[in-house]
Amino acid sequence: MIVKVHPSKASGVIRAPQSKSIAIRLIFLSLFTKVKLNNLLLSDDVIDAINAVKALGVKVENESTFIPPDKLEVKEKYIRLKGSGTVLRTLIPIIAAIGGEVVIDGSESLRKRPIRRVVEALNNFGVTFSSDSLPLKISGKLNVNSVKIFGDESSQYITGLIYAFHILNGGKIEIIPPISSKSYILLTIDIFNKLGSDIKINGNEIYINPNKLEEYNGEVPGDYGLASFYALTGLISEGNITIYGLWKPEKYFGDHSIVEIFRNMGAFSEYYNGKWIVKHSDKYLPIKIDIDDAPDLAMSIAGLSAIADGISEIQSIRRLRIKESDRVNSIKNILASYGIESEIKNDSLIIFGKRRDLLKYAITDCFNDHRVAMLSSILALIKGGIILNAECVNKSNPNYWQDLISLNIKLSIE
Ligand SMILES: O=C(O)C1=C[C@@H](OP(=O)(O)O)[C@@H](O)[C@H](O)C1
Ligand SMILES: C=C(OP(=O)(O)O)C(=O)O
């Protein structure tokens with residue numbers, strides 16, 4: 001798919017895209033309780049989650065109702081995922097807790113992503129792994145209720161262990177610091193506890209005391225990280241955007257913090273009763289920010305930093321290299337294509353902002369990374385641009401290109 005974006009001024013009111021992080025968590029909850037998701041958006045990552053729970057015996061009706069089996073078992077000998085790191089790294093501890101033997105594989109992108117920390121944490125505790133990357137054969141059954149795991153690679157393993165200890169009727173996770181992407185661990189705990197579980201986090205230790213979970217029947221809430229690209233269409237092209245379907249931002253730093261981040265960079269950016277309202281500014285301020293707790297925001301912050309009046313610094317970029325693409329290189333490449341200079345300094349990306357009228361026209365690839373395509377599409381609003389392999393947005397938001405059109409953005413899809 002090739003998308004041609006023409007210079008546009010975005011404006012309008014739009015529903016936030018569904019949170020794939022929450023959708024995946026809710027689908028995995030069907031291991032324990034009935035889950036009905038209304039109007040579920042079937043992104044590639046959500047389809048990965050559906051296929052994962054089907055392989056564990058969950059009955060799926062109309063791709064929206066998920067009914068737990070009487071007994072959890074690994075029913076398939078081979079599970080083929082597309083590209084979801086969240087599904088993969090949540091699934092591995094779950095399979096270890098259920099026990100059995102299965103081969104997991106994924107896309108070329110997913111095969112490049114590490115699973116080292118969960119393999120070293122569970123190896124020799126009843127479970128054996130054929131590799132620390134895909135394709136991976138898992139055999140055996142976890143025989144402990146307390147696990148120590150490094151937190152420096154991915155929070156997704158800890159999410160998976162929380163599910164695993166619900167299967168094993170309780171347990172303890174000790175995270176060896178640093179605890180990276182902590183906002184996603186807090187999201188998992190919050191979702192479980194809101195449905196009746198009893199999970200406590202105390203420093204770097206998590207105690208799981210499972211209770212019977214209530215059923216879930218409802219919508220998937222909006223995603224701040226994905227919605228931030230809609231907000232950026234207005235901020236970059238001097239328009240105003242209202243995004244609805246978002247929950248009240250939490251106190252801890254996470255994807256929802258982008259509302260405040262854009263405000264701190266000079267935009268009008270406020271949350272009122274489920275709506276995020278953004279209005280452009282004539283001038284944006286540079287920012288210095290550590291994104292280790294919410295790494296997905298790097299792309300959106302880079303987008304506004306590109307036209308900020310000064311030098312911005314995005315810190316803790318190391319783990320961006322193990323996402324769907326090496327996002328440090330992807331961001332640098334996309335910015336450079338549109339005429340924005342940046343450089344790597346230790347564990348930071350330094351971005352030299354420019355006046356928006358100095359941005360260039362560009363033809364870019366998205367490096368098989370949905371968020372890279374979204375960043376490029378935003379920067380193309382000034383002088384235009386072409387995005388190659390633009391179907392990559394289907395990983396998280398298949399509606400992305402049509403949603404941009406609904407925001408008065410002139411683009412054609414070939
Ligand atoms: O748990 C989740 O839903 C996610 C966790 C994060 O990954 P890491 O914990 O590997 O940083 C994030 O990048 C990903 O998009 C979604
Ligand atoms: C990295 C991402 O997701 P995942 O790790 O689930 O592939 C993402 O959505 O940017």
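Named according to an unreviewed UniProt entry, the chain is 3-phosphoshikimate 1-carboxyvinyltransferase originating from Saccharolobus caldissimus. Quoted verbatim from the Subcellular location (unreviewed entry) field of UniProt, the annotation for the chain is "Cytoplasm". UniProt annotates the chain under Pathway (unreviewed entry) with the comment "Metabolic intermediate biosynthesis; chorismate biosynthesis; chorismate from D-erythrose 4-phosphate and phosphoenolpyruvate: step 6/7."

Draft legend 1. Quick peek at the site of ligand 2. Neighbouring ligand 2 are 14 residues, the closest being K20, T86, R113, R371 and K395. The side chain of H370 places a nitrogen or oxygen atom 3.3 Å from an oxygen atom of ligand 2. Alone, ligand 2 offers 290 Å² of accessible surface; in the complex the protein occludes 98% of this. Those elements that place two or more of their residues in the shell around ligand 2 are α3 (85-98) and α12 (370-383).

Draft legend 2. Local environment of α12. The element α12 is extensively covered by neighbouring structure, given that 13 of its 14 residues are classed as buried. The distance from a side-chain oxygen at the start of α12 to the backbone nitrogen of R371 is 3.1 Å, and the residue carrying that oxygen is D369. The positive-phi residue at the C-terminal boundary of α12 is G384, with phi of around 95°.

Draft legend 3. Just the UniProt feature "active site" (unreviewed entry) in the chain, in detail. Taking the UniProt record as the reference, the feature "active site" (unreviewed entry) is found at D296. Note on placement: D296 falls in the loop between β18 (288-290) and α10 (298-305). Residue D296 is classed as buried on the basis of its relative accessible area, which comes to 11%. With residues up to four places along the chain from it excluded, the contact list for D296 reads Y184, D255, R327 and R371. A polar atom in the side chain of D296 sits 3.1 Å from the side chain of Y184.

Draft legend 4. Layout of the sheet that holds strand β3 (residues 35-37). With mixed pairing, four strands are arranged side by side in an open sheet as β4-β5-β3-β14. One side of each edge strand has no neighbouring strand; the edge strands of this open sheet are β4 (59-61) and β14 (216-218). Pairs of neighbouring strands in the sheet enclose a mean axial angle of 15°, with direction left out of account. Relative to strand β5 (residues 65-67), β3 runs antiparallel, the two sharing two bridges. Looking across to β5, one finds that K36 is bridged to T65. Strands β3, β5 and β14 of the sheet are contacted by helix α1 (residues 20-29), whose axis makes an angle of about 145° with β3.

Draft legend 5. Region of interest: the pattern of salt bridges. Taken as a whole, this structure holds 27 salt bridges when the rule is applied. D292 is paired through a salt bridge with R319; the nearest N and O atoms lie 3.1 Å apart. One end of the pair, D292, is in the loop between β18 and α10; the other, R319, is in the loop between β19 (311-315) and α11 (327-337), and 27 residues separate them in sequence. Its relative accessible area of 4% is what places R319 among the buried residues.

Draft legend 6. Structural context of the site of ligand 1. As a matter of local geometry, ligand 1 sits amid 14 residues, with S21, S155, S181, D296 and K323 nearest to it. Between ligand 1 and the protein, one listed contact pairs an oxygen atom with a side-chain N or O atom of R25 at 2.7 Å. Protein coverage of the free-state accessible area of ligand 1, which is 390 Å², stands at 96%. Sorting the residues of the shell around ligand 1 by element identifies α1 and α3 as the ones contributing at least two each. Examining the composition of the shell around ligand 1, we find that three residues originate from one element, α1, more than from any other. Of the residues contributing to the shell around ligand 1, the split by class is two nonpolar, six polar and six charged. Each of domain 1 (3-17 + 222-413) and domain 2 (20-219) accounts for three or more of the residues forming the shell around ligand 1.

About the thresholds
Residues numbered from 1 in each chain as written. Chains lettered and ligands numbered in written order. Predicted model: local features only at pLDDT ≥ 70, side-chain atom pairs only at ≥ 80, totals over all residues. Heavy atoms only, no water. UniProt positions renumbered as here; feature names shortened; annotations may be inferred. Near = heavy atom within 4 Å. Polar contact = N/O pair within 3.5 Å; in protein donor to acceptor, adjacent residues only side chain to side chain. Areas by Shrake-Rupley, 256 points an atom, 1.4 Å probe, with all protein chains shown as cover. Helix = DSSP H or I, 4+ residues; strand = E, 2+ residues; numbered from the N terminus. Buried < 20%, exposed > 50% of the residue type's maximum accessible area, 1.4 Å probe, protein only. Contact = heavy atoms within 4.5 Å. Pairing = 2+ DSSP bridges. Axes fitted to C-alpha atoms, helices over the stretch in contact; angles between N-to-C directions. Salt bridge = Lys/Arg side-chain N within 4 Å of Asp/Glu carboxyl O. Nonpolar A, V, L, I, M, F, W, Y, C, P; charged D, E, K, R; others polar. Domains from an automatic or database assignment.

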